[in-house]
Each structure stands twice: as structure tokens, then as C-alpha cells.
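So you can see what is in the structure, the chains are spelled out below.
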Amino acid sequence: MTLRWEAFLDHVKERGEYGSRHEAERAARVVLALLGAHLLGEVRAQLAARLPEGFALILLNPLQSAEPLPPERFLRATAAWIDGATEQTAAWDVSAVLSTVADAADDDLLKQILLQLPAGYDLLFGRPQPT
């Protein structure tokens, strides 16, 4: 089921404790663009189908990534793309967005997403996997 734009942003806003939807949208745009650079093929398309159209387009037209970033570098990249962000605030941004994405995906799709990402992303999605 596809979330509506407002519902998606409201979830991100609440989880990130942002003062406005604008702040939540800024975080969502950056995190989804970076995530899209790491996902391939059908997995990216399936996830995009569950996101609001504007965010789906961001996921499907990602920033270019030469290699998959480990979680720590993903956080640093997020901080670099958000004005005034630090690695600590970027961790908050990433968690707010990716936990909302995890809710939009079912368990099977989330497992497929995590298989395409370096180890440790399960924590960023707020879904620790058993080792």
C-alpha cells in the first residue's frame, strides 16, 4: 500500500521531532536520494511503488554512488547534504526517514533491501536483524 505524501511526512516529522513538515521533507529528500544510489533493479522499483510519487521519483533518480557506502559513511554523506547537520543530527534524520520507509515496505521487501546494502543498515532502518 502506498503512503500519501502528507502521511509519509507526518511520520518522518513525528519520528524526527521536526518543527515543521519542511524540515521533515528536507531530510526525506536527502536520505531517499542517497538510499536510491544503493538499491538496484526490482528492489528499488518495488520500494518506490510503496512511497508517495514525489519521493518515489527521488528514489528512482538517485545521486550517483561509486560504491555502496557503509552505514557510517552514509551518515556522513547525509550530514554533508543537509545544511547545518552534524553526524549526530544526520543519524537522527536517517533514522526518522528509514524507519518510515521500513514501515512502508513489508518484511520480505525489507530483507531484499538489506541484502543489497552493506552490513549495519538494519539498525538505520530501526529493524535489527538477528546475527
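For the structure itself, consult the block above.
Residues numbered from 1 in each chain as written. Predicted model: local features only at pLDDT ≥ 70, side-chain atom pairs only at ≥ 80, totals over all residues. Heavy atoms only, no water.

(A) Representation of the pattern of salt bridges within the structure. Taken as a whole and assessed by the stated rule, the structure comprises 7 salt bridges. Arg 15 is paired through a salt bridge with Asp 103; the nearest N and O atoms lie 2.4 Å apart. Taken together, the residues Arg 15 in helix α1 (residues 5-16) and Asp 103 in helix α6 (residues 87-104) connect sequence positions 88 residues apart. Note on Asp 103: relative accessible area 41%, which makes it partly exposed. Among the salt bridges present, the one from Asp 103 reaches Arg 127, with a minimum N-O distance of 2.3 Å. One end of the pair, Asp 103, is in helix α6; the other, Arg 127, is in the segment after α8 (121-124), with 24 residues separating them in the sequence. A relative accessible area of 26% places Arg 127 in the partly exposed class. (Salt bridge = Lys/Arg side-chain N within 4 Å of Asp/Glu carboxyl O. Helix = DSSP H or I, 4+ residues; strand = E, 2+ residues; numbered from the N terminus. Buried < 20%, exposed > 50% of the residue type's maximum accessible area, 1.4 Å probe, protein only.)

(B) Looking closely at the nonpolar core. Core analysis: the biggest nonpolar cluster contains 43 residues, and Leu 32, Leu 35, Leu 47, Leu 51, Phe 74 and Phe 125 have the highest contact counts within it. Breaking this core down by element, the ones donating at least two residues are α1, α2 (21-36), α3 (41-49), α4 (53-60), α5 (71-81), α6, α7 (107-116) and α8. No other element matches the 9 residues that α2 contributes to this core. With sequence-adjacent residues up to four places away left out, Leu 35 is seen in contact with Leu 47, Leu 59, Phe 74, Leu 98, Leu 117 and Phe 125. (Core = buried A, V, L, I, M, F, W, Y, C linked by side-chain atoms within 4.5 Å. Contact = heavy atoms within 4.5 Å.)

(C) Just α5, in detail. Taken as a whole, α5 has its buried residues at Pro 71, Phe 74, Leu 75, Ala 77, Thr 78 and Ala 79. Residues of α5 that are buried in the fold lie against α2, α6 and α8.

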